[in-house]
Number of protein chains: 2
Amino acid sequence: MTSVNYDQFFSRSGLAMRESAIRRMGTVLADARDMVSFAPGYPTESTFPWDAFRAIADDLLRSRQGTVLQYGATRGYRPLLESLTTLMATRGITTSPDRLTVTNGSQQGLDLVARVLLNPDDVVLVELPSYTGAISAFRSVGAELVGVAQDADGLNMEALDATLARLRGEGRTVKCLYVVPNFQNPTGLLVGLEKRRLLLDWATRHDLLIVEDDPYRDLYFEDVTRESETRAIAADDVDGRVIYLSSFSKTLAPGLRVAWLHAAPALMAKFEIAKQASDLCNGGLGQQMVHQAIERGVLAAQLPQLRAHYQAQRDCMVDALHGAFGTALTWLQPRGGFFLWANLSGPMDGDALLPIAQARGVIYVAGSAFFVSGDERRFIRLSFSAPTPERIREGVARLALAVTDATGAAASTTPVASR
Amino acid sequence: MTSVNYDQFFSRSGLAMRESAIRRMGTVLADARDMVSFAPGYPTESTFPWDAFRAIADDLLRSRQGTVLQYGATRGYRPLLESLTTLMATRGITTSPDRLTVTNGSQQGLDLVARVLLNPDDVVLVELPSYTGAISAFRSVGAELVGVAQDADGLNMEALDATLARLRGEGRTVKCLYVVPNFQNPTGLLVGLEKRRLLLDWATRHDLLIVEDDPYRDLYFEDVTRESETRAIAADDVDGRVIYLSSFSKTLAPGLRVAWLHAAPALMAKFEIAKQASDLCNGGLGQQMVHQAIERGVLAAQLPQLRAHYQAQRDCMVDALHGAFGTALTWLQPRGGFFLWANLSGPMDGDALLPIAQARGVIYVAGSAFFVSGDERRFIRLSFSAPTPERIREGVARLALAVTDATGAAASTTPVASR
């Protein structure tokens, strides 16, 4: 037996690959079953339409229609593409099958964008903070991510202008702006409608593309958000400047791996070839289960229930945090989606707190994972989507104990968790 | 509305992307329903274990076990990884979950290999001819493929040595050799056992990796091939020099998109991160359907049936070709798998014949698509896996008419199809 030096075989991308903070937290979770996890943005499993899927799978497999289990077209199952065209129209977005591709989760959509558009050292502008999955996909091809600060209604336009001017002044190639306007991962921020218009104008003026990632759009909380406030930037895109991604992972189930990508036909032709090289096609069974869930009204029935469910989950977490922390923790009020973005006050640090929290039996994602630049450690991302209300309360109590542990004896005289 | 010049946004990879010949044939097929297709290597849909899958899906969805529809670990569903370890042992390959990752079809495995190992201009040595999916995956990262001629038992070792020496003399970085030893796509060739040993020795001597792609291994034809002749190169790899790919697409169904990748732990850690960035994870439902199909004995029951089925399909095509062409067409006798690699005699050209065949209602893949170098147009790849025996006979008759059309009046006095 001779020993192989693998380092010599890795590509530059391979050498640079690092595990993401969120996936690492998933491993921690898998290793410790009593852990309360506020880390991954998993949907609540009990909300999946189990019985409807069972009936659909039974019909599809009984049919012995080859398309259910055979290889399929790279773009996706044609009837599903037709259904997506209709679904997109309900979002105000005009599309057609030649502008759509089904993807293996939105992560694959981001990966296709990276491969088709980005050379090493090309720049993608992103929100500060931004979604780690997008960061991984864009960095995997060697692109550089440059963050731009956000205001309460989304990106700060002056900062955006200044950043672009600086980068272009340095001779850098800026290809696109990546945004998650609806209930952003990780902040939960809802970008204002006026700001969306400004971003599209800005991209047109500077001849850039916008990559709009929209997985949470249907999960607005009706007590504080109107559907009209979720209008996609892509809905006002007449030039074909917006690449739009959305998914059924949060509304039907992630385990079917069905999401979609909408873009101008000239871009889509390349995305299709990149998908061919990546995995040939999505699975037929998953696509047809989603198609039937749309056609049979399962998806439409899910959405109001999911909105009410996740709103109640948010309420549970917010109430528990108020009870346990009082004013010692502040956060952006989530208006939809899965996440609460909390600001640790005083000397606390989300990275340093994590092992202490883990020892107390609760995990989250340290906010630093979402910042492509700067050393910002004040924030933590708490997902309220997956745990039961009881586990949310337990997890918040454990988090409060961890904060007490971290901040020392003064706090420990009045244990935070017993408030 | 302003017009967008998309070309400025494409990466070098994006600009270079070209549609594969096989997928293009798939589009032709979709557009013309009476076409007999010998083009894509699709398994026979009637052989899929429909009823078993229906029972399994029913049980899984009835269970409401979150893992069925939730996000899962990037490496794959743990019980499936355990089953794969056992399955690999039956192939003589020692592995463990830390050396395995479930992939979204073997195409994703090839893509992960490309991303983790290959820089632009790195060289991959491949068989002449070689599988187009691998060619696409490796080229998508800018790697260069260099072909090496094959003898009747596989790669010519002198040509392999000479090619490597030449490339290294030119200062090129050669990373690996890509091979499909069992019933190769497109030739159907079975590499000899002695040749396999020589290839592993060669890779060790020259400190290279071998990428062994093995989707057809279980589909040996018992009349002319013994299972022992399919022994994987990976079975004799003690150093961790072989990256091995296999799949359930040909033995259970492609529409579940479940395949796997086996490699040394140091490589697998990088493949896992690359898969995270690509699509986070495979779907739970597909993985658990495969896992149950293994555990319930569905897979084991399939294999002898599939061997007999595809052997009969081969017999049907071979008989039809003998009847229609006599000695005017020659081919390598398929000893397993899905493909017959035919050599057009005389002045005929597989590329030029294709539109003529299409006009007659039959398609195939022109052999030139599988050659990474040279201008080799004598061959055509005929898949006998998907059409019914009746359609195979009809397709061969149409092909004979096309050849008559192409070769002109002399042949047309005795129409080939009526023989």
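Residues numbered from 1 in each chain as written. Chains lettered and ligands numbered in written order. Predicted model: local features only at pLDDT ≥ 70, side-chain atom pairs only at ≥ 80, totals over all residues.

Peer 1: Provide a residue-level description of the overall build of chain A, including the pertinent values.
Peer 2: What chain A contains, in helices and strands, is 14 helices and 14 strands. Relative to the globule expectation of 22 Å for 419 residues, the C-alpha radius of gyration of chain A, 22 Å, shows essentially globular dimensions. Its C-alpha atoms give chain A principal-axis dimensions of about 65 × 65 × 60 Å. By residue count, 57% of the 419 residues in chain A fall in the buried class. For chain A, contacts bridging at least 24 residues in sequence account for 74% of all contacts bridging at least 6. (Helix = DSSP H or I, 4+ residues; strand = E, 2+ residues; numbered from the N terminus. Rg over C-alpha atoms; globule rule 2.2 N^0.38 Å. Buried ≥ 20, exposed ≤ 12 C-beta atoms within 10 Å, placed from the backbone. Contact = placed C-beta atoms within 7 Å.)

Peer 1: Just give me the short version of the interface of chain B and chain A, but keep the residues and values in it.
Peer 2: Taken together, the contacts link 76 residues of chain B with 75 residues of chain A. Sorting the residues of the side of chain B that touches chain A by element identifies α1 (12–16), α2 (21–31), α3 (50–63), α5 (105–117), α6 (132–139), α9 (265–279) and α10 (284–295) of chain B as the ones contributing at least two each. Counting residues per element, the side of chain B that touches chain A draws most heavily on α9 of chain B, which supplies 9 residues. Here the side of chain B that touches chain A is built from residues that sort into 35 nonpolar, 24 polar and 17 charged. (Nonpolar A, V, L, I, M, F, W, Y, C, P; charged D, E, K, R; others polar.)

Peer 1: Summarise the domain arrangement of chain A; cite the residues concerned and give the values.
Peer 2: One frequent convention defines the size of an interface as the accessible area lost when the parts assemble. All names here are of chain A. With domains assigned, chain A is organised as domain 1 (12–48 + 301–418) and domain 2 (64–298). Centre-to-centre separation of domain 1 and domain 2, based on C-alpha positions: 26 Å. Taken together, the contact pairs 32 residues of domain 1 with 37 residues of domain 2. Of all the secondary-structure elements, those providing two or more residues to the side of domain 1 that touches domain 2 are α1 (12–16), α2 (21–31), α11 (298–325) and β11 (339–344). No other element matches α11, which puts 8 residues into the side of domain 1 that touches domain 2. Residue composition of the side of domain 1 that touches domain 2, grouped by class: 18 nonpolar, 9 polar and 5 charged. (Domains from an automatic or database assignment.)

Peer 1: Can you tell me about the relation of the copies chain B and chain A, naming the residues and giving the values?
Peer 2: Each copy of the sequence occupies a distinct position, and chain B is placed on chain A by a rotation of 180° and an axial shift of 0.0 Å, giving an RMSD of 0.0 Å. Such a combination of turn and shift is consistent with a two-fold rotation axis. Of the interface residues in chain B, 99% have counterparts in chain A that sit at the interface too, so the contact is made through matching surfaces. (Least-squares fit on C-alpha atoms with pLDDT ≥ 70 in both.)

Peer 1: So, the sheet that holds strand β9 (residues 259–262) of chain A: which residues are in play, and what are the values?
Peer 2: All names here are of chain A. Reading across the sheet, the 8 strands line up as β2-β9-β8-β7-β6-β3-β4-β5 and stay open at both edges, with mixed pairing between neighbours. Both edges of this open sheet fall to β2 (100–103) and β5 (154–155), since each of them pairs with a single strand only. In this structure, strand β8 (residues 242–247) lies alongside β9, joined through 4 bridges in antiparallel fashion. Looking across to β9, one finds that Y244 is bridged to H262. Against the sheet, helix α6 (residues 132–140) touches β3 (123–128), β4 (144–151), β6 (174–179) and β7 (209–213), its axis set at about 150° to β4. (Pairing = 2+ DSSP bridges. Axes fitted to C-alpha atoms, helices over the stretch in contact; angles between N-to-C directions.)

Peer 1: Describe the sheet that holds strand β11 (residues 339–344) of chain B, and please don't skip the residues or the numbers.
Peer 2: The strands that make up a sheet are held in pairs by hydrogen bonds between backbone atoms, and each pair lies either parallel or antiparallel. Residue and element names in this part refer to chain B. Taken in spatial order, the 4 strands line up as β10-β11-β14-β13 in an open sheet, and their pairing is antiparallel. Sheet topology places β10 (329–331) and β13 (365–366) at the edges, where each strand pairs with a single neighbour. Sheet analysis places β10 next to β11, joined by 3 bridges and oriented antiparallel. The residue of β11 that forms the bridge with W331 is A342.

Peer 1: How would you explain the packing of helix α9 (residues 265–279) of chain A against α5 of chain B if you had to name every residue and give the values?
Peer 2: In the contact formed by α9 of chain A and α5 of chain B, the axes pass within 5 Å of each other and the chain directions differ by 95°. The orientation of α9 of chain A relative to α5 of chain B falls into the category roughly perpendicular. Contacts from A277, S278 and D279 of chain A of α9 of chain A reach α5 of chain B at G105, Q107, Q108 and D111 of chain B. (Parallel < 35°, antiparallel > 145°, perpendicular 65-115°, else oblique.)

Peer 1: Any chance you could break down the pairing of strand β6 (residues 174–179) of chain B for me, citing the residues and the numbers?
Peer 2: Residue and element names in this part refer to chain B. Burial of β6 is extensive: 5 of the 6 residues sit out of reach of the surface. Summarising the sheet, strand β3 (residues 123–128) and β6 pair through 4 bridges and their orientation is parallel. Across the sheet, V126 pairs through a bridge with Y178, a residue of β6. Bridge count between β6 and strand β7 (residues 209–213): 4 bridges; the pairing is parallel. Within β7, the residue paired with V179 across the bridge is E212. For the handedness criterion, the β-α-β arrangement of β6, helix α8 (residues 193–206) and β7 is classed as right-handed. (Right-handed = clockwise from strand over helix to strand, strands pointing away.)

Peer 1: Run through the nonpolar core, naming residues and quoting values.
Peer 2: With 166 residues, the main nonpolar core has I210 of chain A together with I210 of chain B as its most contacted residues. Setting aside residues up to four positions removed in sequence, I210 of chain B forms contacts with C176, L177, V179, L199, L200, A203, I233, R241 and V242 of chain B. (Core = buried A, V, L, I, M, F, W, Y, C linked by C-beta atoms within 7 Å.)

Peer 1: I'd like a description of helix α5 (residues 105–117) of chain A, backed by residues and values.
Peer 2: Helix length check: α5 of chain A, at 13 residues, gives a terminal C-alpha distance of 19 Å against a target of 18 Å (1.5 Å per residue), a fit within 8%. A large share of α5 of chain A lies buried, amounting to 13 of its 13 residues. (Expected span 1.5 Å × (residues − 1).)

Peer 1: Report on unusual backbone geometry, specifying residues and quantitative values.
Peer 2: Across residues other than glycine, the phi torsion is negative in most instances, and most of the peptide bonds are trans. Between L128 of chain A and P129 of chain A the backbone carries a cis peptide bond, its omega angle lying at -5°. Checked against the element boundaries, P129 of chain A lands in the loop between β3 and α6. Residues other than glycine seldom take positive phi values, yet R64 of chain B does so here, at roughly 55°. Within the secondary structure, R64 of chain B is located in the loop between α3 and α4 (78–90). Look at L280 of chain B: it is not a glycine, yet its phi comes out positive at around 65°. Since 26 C-beta atoms lie within 10 Å of it, L280 of chain B is described here as buried.

Peer 1: I'd like a rundown of the confidence of the model for chain A, residues and numbers included.
Peer 2: When pLDDT is averaged across chain A, the result is 94; 94% of the residues are at 70 or more. Counted against residues more than four places away or in other chains, residues 409–419 of chain A, with its pLDDT under 50, gives 16 contacts. (pLDDT = per-residue confidence, 0-100.)

Peer 1: Explain the pairing of β8 of chain A to me, and be specific about the residues and the numbers.
Peer 2: For β8 of chain A, the tally of buried residues reaches 6 of 6 residues, placing the bulk of the element in the interior. The alternating pattern of β8 of chain A places V242, Y244 and S246 of chain A and I243, L245 and S247 of chain A on opposite faces, both of which are buried.

Peer 1: So, α3 of chain B: which residues are in play, and what are the values?
Peer 2: With 14 residues, α3 of chain B extends 20 Å from end C-alpha to end C-alpha; this agrees with the ideal 20 Å at 1.5 Å per step. Every buried residue belonging to α3 of chain B is among A52, F53, I56, A57, L60 and L61 of chain B, and all of these are buried. With its buried residues spanning 150° around the axis, α3 of chain B presents them on a single face. Facing away from the buried surface of α3 of chain B by more than 90 degrees, the exposed residues are D51 and R62 of chain B. Those residues of α3 of chain B that are buried lie in contact with α3 (50–63) of chain A together with α10 and α11 (298–325) of chain B. (Arc of directions from axis to C-beta.)

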